[in-house]
Every structure is written in structure tokens, then in C-alpha cells.
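Residue strings, one per chain:
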Amino acid sequence: MSTYDFGPAEGYHERQPVVLLLDTSASMGRPAEQPRIDALNDALARWFAGEHTAPRLRARVEVCLVAFDSRVRVFDAGRGALVPVEQAAPERLFVPVDRMRPPRLEASGLTRLTDAVETALELARGRYRTLQQQHVPVRRPFLWVLTDGAPSDAQGNRMEPAALAETARRVRLGEERGEFVLQAIGVRGADLELLQVLAPKAALMLEELSFGQILDVVFQSSDRITPDRTADDIHREVRQYNDKLERMRRLEEQHR
């Protein structure tokens, strides 16, 4: 059983696992005057402590945090720290959204995105199986990748598209089987070409939004998943939802 029990959830008895994959590589430490990692930390702290979580999200959504730079680590809520996945307690990795208190992230190292995605796929599958074995209704996990750079190899070189092919194949196969849905978000200089290799129908560039607004996109989009939708349907809906938010943002700017 999970360390974190959900209370009564009238009308929302199922669970919705969400895995957030957060880029903490060195590029997130720039620009020096206002590092992106600081903006992300502030947004995470405010979002999870705030009133953004609608009642239906609080009743259903559980979150797992994965940070990736030269290493891939997961947030063990019992310890309140990021740890290598093999050192983490599985029952403490998925936390009800309103009880998540994220750690302070630091920027350093490379951008080992493929390692992080492979880790997240296994965590999502494992959580889905666990809830099924406990006879808890569960929706497909939603995986969200947030990055500001390009995936790199162990030497720090930009990965070639061909090097992403196997991870991309596993993502598409899992989506076709209905195991999960993966969405990639690029911000402020992210390599869209490589994100589109990883997620051809699910790569978004949200350069103009704050991290807090991006978290709104993440969780409001996750809330829109329904069991009868294919992954392609969900990707289309997320894009339409994002386009709507972008139009609203532009209108607000015009009327300031």
C-alpha cells in the first residue's frame, strides 16, 4: 500500500498517476541574473501549496517527480529528498497532488533525457500494476517532460535523432497499448527537433508562459484524460487546449 491514503472522493474513486520529468541540467541555471531553475522552484512551491488544485484533482491525482541532469533521481517524499531510483521506496514515490511538497532543485550537469524517460516509463507501469492489484480503479498514467535544452549523451554531446529512436519506439508502443500518455514541453531554447522525435504528436513549445502557467497546462490537461480516448486523441486535445490558452494570453496582452 502507498504511504499516502486518499480520503473519500465522491464521484472520483479512480486514481490518475502523473509523472513530472524535470530538467535540472546546467542550462537551467541560466541566465545568471534570474536562473530558470529558481523560477521553476518558485512555481513548484507555489503551485503545490496553492489553490490551483481543483477538488477533483485533489481527490484523484497522484504525482511522482523525476529530476534529470547527469543523473536521474526520483523524489522520495518520506525522506523529502531526490534519490537514485534504486534507493527509493516505491510506496512513497506517488503522492496525492495536494500533499506534494517538492524539493528545492539545483541546476548542474548534462541533459540525460532518455535515461529519465526510461525510468519514468517503468515507474508509471509499476504504479499502474500496483493499483490494479489493489483493485483500485486507475486511469492511464500521464508523463510530462519539461526541458529547456537538448538531450545529451554520456559525454555531453547533443544526441542525434537516431540515438533517440529506441526510446521513442518504446513510448509509441506503450501509448498504442494504452499503458500511458507522454507529453513533452520545451521552454526557452529547447531542441524542438529532438522533442518531436521522442513525441512526434506531443511536443509543445511554451516559451512565453511562466512555469506556473505551464503547471496549470500540465494538470488541467491531465484532468481531461478519459478512458475512452486514444493517445492521439489526447495529444490533439492537449494541443487544442494549449492553443486556446495562447489565444487568451495574447488577448490579455493586447488589452493591458
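One can find the structure itself at the top, above this paragraph.
In this text the structure is predicted, and so the values were computed from the model without any measurement.

A few points about the pairing of strand 1 (residues 16–23)
In terms of burial, strand 1 is largely enclosed, as 8 of its 8 residues are buried. A two-sided burial pattern is seen for strand 1, the buried positions comprising Gln16, Val18, Leu20 and Leu22 on one face and Pro17, Val19, Leu21 and Asp23 on the other. Sheet topology note: the strand 1/strand 2 (residues 61–68) ladder contains 8 bridges and is parallel. Opposite Val19, over in strand 2, you have Cys64 as the bridge partner.

Things to note about the pattern of salt bridges
Once their charged atoms are close, side chains differing in charge can pair, the charge on each being opposite to the other. Inspection of the entire model under this criterion finds 21 salt bridges. Between Asp42 and Arg104 there is a salt bridge whose closest N-O contact spans 3.4 Å. Placement of the pair is Asp42 in helix 1 (residues 36–49) and Arg104 in the loop between strand 5 (95–96) and helix 3 (113–133), with a sequence separation of 62 residues. Arg104 gets classed as exposed once you look at its relative accessible area, which sits at 53%. Residues joined by salt bridges that share partners form a network here, namely Glu118, Glu166, Arg169 and Arg170.

Notes on unusual backbone geometry
In this model, Arg30 is joined to Pro31 through a cis peptide bond whose omega is -5°. Along the polypeptide, Pro31 turns up in the loop between strand 1 and helix 1. Even without being glycine, His135 reaches a positive phi, approximately 60°. Of note, the phi angle at Arg188 is positive, near 45°, even though the residue is not glycine. The topology assignment puts Arg188 in the loop between strand 7 (181–186) and helix 5 (192–198). On the basis of relative accessibility, which here comes to 31%, the residue Arg188 falls in the partly exposed class.

What about the environment of Ala165?
Relative to the helices and strands, Ala165 resides in helix 4 (residues 165–176). With a relative accessible area of 39%, Ala165 lands in the partly exposed category. When the C-alpha positions of Ala165 and Arg79 are compared, they lie 35 Å apart, and in sequence the two are 86 residues distant.

Quick look at the environment of Gly126
Structurally, the position occupied by Gly126 is in helix 3. Take Gly126: its relative accessible area is 22%, and that puts it in the partly exposed class.

Some details on the nonpolar core
Counting residues in hydrophobic clusters, the biggest one holds 39 residues, and the most contacted among them are Leu20, Phe48, Val63, Ile214 and Phe219. Put simply, the parts of the chain that give this core at least two residues each are strand 1, helix 1, strand 2, strand 6 (142–147), strand 7, helix 6 (211–222) and helix 7 (231–254). Not counting chain neighbours up to four residues away, the residues in contact with Leu20 comprise Phe48, Val63, Cys64, Leu65, Val66, Trp144, Leu215, Val218 and Phe219. Core analysis: the second largest hydrophobic core is formed by 30 residues, Ala88, Phe94, Leu182 and Ala203 among them.

Observations concerning the packing of helix 3 against helix 4
Orientation of helix 3 relative to helix 4, taken along the N-to-C sense of each, is 25°, at an axis distance of 10 Å. Viewed along their axes, helix 3 and helix 4 adopt a mutual orientation that is roughly parallel. Helix 3 and helix 4 meet at a crossing whose hand is left-handed. Residue-level contacts link Thr114, Val117, Glu118, Leu121 and Arg125 of helix 3 to Thr167, Arg170, Val171 and Gly174 of helix 4. The residue makeup of the contact of helix 3 with helix 4, split by class, is 3 nonpolar, 3 polar and 3 charged.

So, the packing of aromatic side chains
In this structure the tally under the stated criterion is 4 aromatic pairs. Taking the centre distance of 5.4 Å and the plane angle of 75° together, the rings of Trp47 and Phe48 count as edge-to-face. The class of Trp47 is buried, set by a relative accessible area of 2%. On the basis of relative accessible area, Phe48 is assigned to the buried category, the value being 2%. Three or more aromatic residues joined by ring pairs make a cluster, and in this case those are Trp47, Phe48 and Phe219. For the cation-ring pair, Arg188 lies above Phe211, with the distance from its terminal atom to the ring centre recorded as 5.0 Å.

What counts as what
Residues numbered from 1 in each chain as written. Predicted model: local features only at pLDDT ≥ 70, side-chain atom pairs only at ≥ 80, totals over all residues. Heavy atoms only, no water. Buried < 20%, exposed > 50% of the residue type's maximum accessible area, 1.4 Å probe, protein only. Helix = DSSP H or I, 4+ residues; strand = E, 2+ residues; numbered from the N terminus. Pairing = 2+ DSSP bridges. Salt bridge = Lys/Arg side-chain N within 4 Å of Asp/Glu carboxyl O. Core = buried A, V, L, I, M, F, W, Y, C linked by side-chain atoms within 4.5 Å. Contact = heavy atoms within 4.5 Å. Axes fitted to C-alpha atoms, helices over the stretch in contact; angles between N-to-C directions. Parallel < 35°, antiparallel > 145°, perpendicular 65-115°, else oblique. Left-handed = near helix turned anticlockwise from the far one by under 90°. Nonpolar A, V, L, I, M, F, W, Y, C, P; charged D, E, K, R; others polar. Phe/Tyr/Trp six-rings, centres within 6.5 Å; stacked < 30°, edge-to-face > 60°. Lys NZ or Arg CZ within 6 Å of the ring centre and 35° of its normal.

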